[in-house]
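Per-entry structural report
Next come the chains, spelled out residue by residue.
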Amino acid sequence: MMQHDNPVWLITGCSTGFGRELARLILARGWRGVVTARDPSTVADIAAGHENQALVLALDVTQRAQIADAVAAAQQRFGRVDVLVNNAGYGYLAAIEEGEEAAVRAMFEANVFGLIDMTKAVLPIMRAQSSGLIVNVSSIGGLTSFAATGYYHGSKYAVEGISESLAIEVKPLGIDVMIVEPGPFRTNWAGPSIKQSATRIDAYAATAGERRKQTEARSGKQAGDPVRAAQAIIDAALSDTPPLRLLLGKAALDLARKKLDMMKNDFDTWESTTLGADFPPGEG
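Residues numbered from 1 in each chain as written. Predicted model: local features only at pLDDT ≥ 70, side-chain atom pairs only at ≥ 80, totals over all residues. Heavy atoms only, no water.

**Description of the pairing of strand 9 (residues 245-248)**
Burial of the side chains of strand 9 is restricted to one face: Leu246 and Leu248 are buried, whereas none of Arg245 and Leu247 on the reverse face is. Inspection of the sheet shows strand 7 (residues 175-182) paired to strand 9 by 4 bridges, in the parallel sense. Directly across from Ile179, in strand 9, lies its bridge partner Arg245. (Buried < 20%, exposed > 50% of the residue type's maximum accessible area, 1.4 Å probe, protein only. Helix = DSSP H or I, 4+ residues; strand = E, 2+ residues; numbered from the N terminus. Pairing = 2+ DSSP bridges.)

Below you can see the structure in the form of structure tokens.
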């Protein structure tokens, strides 16, 4: 659980999008914030006027030495970390067959292993406090999948699975875990931040190729408001019982319910085949 009295938030990936808006709102409330980005000059304006509450640090979550330095600096400055927001990450567009290994592995380093390394670095502090909240920014793409973003989904499904296990492990220690699942928002995700494979296979033009076009065309026109999303994360963090999953935006809610219906249909339709895979009662 997050300490409500002047909590310390450590947020990764604050140069744009959710991380940036969340850092701004945290500092505006008078709370303390460790505001990080690969290039700290991109977040200097967030801390301007809040020098007593803000600590601006260079942090690339794929660099373990930087993680260790950032967490140590946060502890030295503020003496605690109440909320870790694992926000840093990006997307990648490619049909599965089009995926380029180096690019895919680099995305997993940021989206999955960077999140793991940040979490492991902060957990000893939270365990010593017997309190804390870990916010892992996933995506509606951590629950349901589309063409062209299969590798991104893979990274976010990994975040979901890791987060669920982590929640069970740290709950008795006074620490909560919240998975945030935004739908389409007006961040840089579909614009400057997105990466794409140079490989294009004509056979996937109608599926992955079409989705690439739709993603590019939608950039800047999404329904989701990053400022309202950041406020929603704060509202949930202030709850005595934050949800394991926090969907953000109507599109996310609609897609999540559609996925639940699809899964239930498969489970129910194939129930007899599923049950037939066990030894009959009394055997085995």
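Following the structure, the description resumes.
**Concerning the nonpolar core**
Counting 30 residues, the largest nonpolar core has Trp9, Ile11, Leu22, Val85, Val135, Met178 and Ile233 as the members making the most contacts within it. Among the elements that take part in this core, helix 7 (residues 226-238) stands out by supplying 6 residues, more than any other. Not counting chain neighbours up to four residues away, the residues in contact with Ile233 comprise Leu22, Val135, Met178, Val180, Leu246 and Leu248. Residues Leu55, Val61, Phe78 and Met118 belong to the second largest nonpolar core, which totals 25 residues. (Core = buried A, V, L, I, M, F, W, Y, C linked by side-chain atoms within 4.5 Å. Contact = heavy atoms within 4.5 Å.)

**What about the environment of Asn111?**
With respect to the helices, strands and loops of the structure, Asn111 is situated in helix 4 (residues 101-129). Note: C-alpha distance between Asn111 and Val159 (48 residues apart in sequence) is 7.9 Å. With residues near it in sequence (within four places) discarded, Asn111 still touches Gly89, Tyr90, Tyr152, Ser155, Lys156 and Val159. At 2.9 Å, the side chain of Asn111 and the backbone oxygen of Tyr90 are in polar contact. (Polar contact = N/O pair within 3.5 Å; in protein donor to acceptor, adjacent residues only side chain to side chain.)

**A word on empty space enclosed by the protein**
Once rolled over the atoms, a probe with the size of a water molecule shows which space is left empty. Counted according to the given criterion, the structure contains 1 cavity of 30 Å³ or more. Quantified by volume, the largest cavity comes out at close to 50 Å³. Along the walls of the largest cavity sit Thr12, Val61, Asn86, Asn87, Ala88, Ala110, Asn111, Gly114, Leu115, Val137 and Lys156, which together make up its complete lining. By residue number, the principal contributor to the lining of the largest cavity is helix 4, which donates 4 residues. Along the lines of polarity and charge, the residues of the lining of the largest cavity split into 5 nonpolar, 5 polar and 1 charged. (1 Å grid on protein atoms, 1.4 Å probe; cavity = no way out; pocket = protein on both sides within 12 Å on 5 of 7 lines; lining within 4 Å. Points joined across faces, edges and corners; volume = space filled by probe spheres on them. Nonpolar A, V, L, I, M, F, W, Y, C, P; charged D, E, K, R; others polar.)

**Let's talk about helix 8 (residues 250-269)**
Look at helix 8: 29 Å from first C-alpha to last across 20 residues, which is about the 28 Å you get at 1.5 Å a residue. Taken residue by residue, helix 8 has Ala252, Ala256 and Lys259 as its buried positions. One face of helix 8 carries all of its buried residues, which in axial projection span an arc of 60°. Facing away from the buried side of helix 8 by more than 90 degrees, the exposed set consists of Lys250, Arg257, Lys258, Asp261 and Thr269. Where the residues of helix 8 are buried, they touch helix 5 (150-170), strand 7 and strand 9. (Expected span 1.5 Å × (residues − 1). Arc of directions from axis to C-beta.)

That is the geometry; function is a separate question.
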